[in-house]
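Observations on the model geometry
Next come the chains, spelled out residue by residue.
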Amino acid sequence: FFSTMSDVTDEPQASPAKRLKVDMARQGDDDRGTAVAETKTALYSRLTTEYATSPMNAVSANIESEVPERTLTEDCWMGIDEAGRGPVCGPMTYGICYSPIGGRKRLEGIGFMDSKQLSEEVREKLFKKIKEADDFIGWNVAVLSPQDISGHMMGRINYNLNAMSHDCAISMVHRVIEQGVQLTELYVDTVGNEEYYQEKLERLFPQLKIVVTSKADVKFPIVSAASICAKVTRDHILDQWAFGEKGEFLKIPGSGYPGDPETKAWLRKVVDPVFGYPGAVRFSWATTRKLLEEHSAIVEWEDDEDEADNPSILSFFGAKEKAAKGRHKFFQTAKLMPTVGVL
């Protein structure tokens, strides 16, 4: 599911998914053989647009920066935070930022705060500063698609949002370490029980100083920076989201949260009685399940075999009786009746 790590780790939580790598040092678009230089902001915008406007938005992906040279030789700290956990529409994003501990004052001077307390304009300016500080700040954003979120939550084995968040964070830490970053400290905005989450991370990364706490994005500037990366990337993707389904969906209105009247009205409008919701909607949320029950068509699944052909498991533990010989299943399925003819 969080595939970005599949090429660098054997961790079980890492599974295939598309990775988009933002090469912030690249001059020109080598893939297309042109010599046109792209700025950091233009390259980032192009990649988020490619993700949002193509069938790729049905799968989880990563967008990441180049690894700053300083982080390969100096002790570093890293922050992790998420955005879009509660909305019923769109992806959830997980952001990380890392930089040399020796550059802490420079990081604090940028003026980071919890992204949710900032206006969209301020968040954009701060993220631009992060990209421009590529000599000492590295970042990575995991985009968890709504289809992947719902598919795992509604699977036969429930894979809840907390477990997804933990696995995503763990795989991103593995990724940074595999890239050669001299990581020594990790700060995480908690998901679920703080003590359990911290103990889990400490077992996996005993070499790191780890702090898992609520409001980490307010307490530590490196987590605030991660929060900015996650929130801005999610906003860019939602603003440009292209629906793969046919229909006049336009764009998701309101905040995307289940309690938002605009979002709820949109959900009622776009629900299809047979096919349900477009891919941008998390159909595992209680709000969408309720609307589906109210507005979707009733489907009756016809059994291929009679219940008599599917004995209870308890029957295997009782005395076996010789079953009466019946007609071959071929004749039953084809509804062929016995006849008597005279030649």
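Residues numbered from 1 in each chain as written. Predicted model: local features only at pLDDT ≥ 70, side-chain atom pairs only at ≥ 80, totals over all residues. Heavy atoms only, no water.

1. Overview of the packing of helix α5 (residues 161-178) against helix α6 (residues 194-204)
The interhelical angle for the contact between α5 and α6, taken along N-to-C directions, is 35°, at an axis separation of 12 Å. Seen from above, α5 lies across α6 with right-handed handedness. For the pair α5 and α6, contact is made by Ser165, His166, Asp167, Ala169 and Ile170 and by Tyr196, Tyr197, Lys200, Leu201 and Leu204, respectively. Looking at the contact of α5 with α6 residue by residue, the class counts come to six nonpolar, two polar and two charged. (Axes fitted to C-alpha atoms, helices over the stretch in contact; angles between N-to-C directions. Helix = DSSP H or I, 4+ residues; strand = E, 2+ residues; numbered from the N terminus. Left-handed = near helix turned anticlockwise from the far one by under 90°. Contact = heavy atoms within 4.5 Å. Nonpolar A, V, L, I, M, F, W, Y, C, P; charged D, E, K, R; others polar.)

2. Description of the side chain of Ser171
For Ser171, the position within the fold is in helix α5. Side-chain polar atoms of Ser171 contact the backbone oxygen of Cys168, separated by 2.8 Å. (Polar contact = N/O pair within 3.5 Å; in protein donor to acceptor, adjacent residues only side chain to side chain.)

3. Details of the pattern of salt bridges
Considering all chains together, one arrives at eight salt bridges under this definition. Between Arg175 and Glu64 there is a salt bridge; the shortest N-O distance is 2.7 Å. You can see Arg175 sitting in helix α5 and its partner Glu64 sitting in strand β2 (residues 61-64), a full 111 residues away along the chain. Looking at Arg175, the relative accessible area reads 7%, which means it is buried. (Salt bridge = Lys/Arg side-chain N within 4 Å of Asp/Glu carboxyl O. Buried < 20%, exposed > 50% of the residue type's maximum accessible area, 1.4 Å probe, protein only.)

4. A look at helix α9 (residues 261-270)
For α9, the complete set of buried residues consists of Thr263, Trp266, Leu267 and Val270. Summarising the axial view, the buried residues of α9 lie within an arc of 100°, below the 170-degree limit, and thus occupy one face. Among the exposed residues of α9, those pointing more than 90 degrees away from its buried face are Pro261 and Lys269. On its buried face, α9 is in contact with α10 (286-295). (Arc of directions from axis to C-beta.)

Honestly, that's just the spatial picture; any functional story needs more than this.
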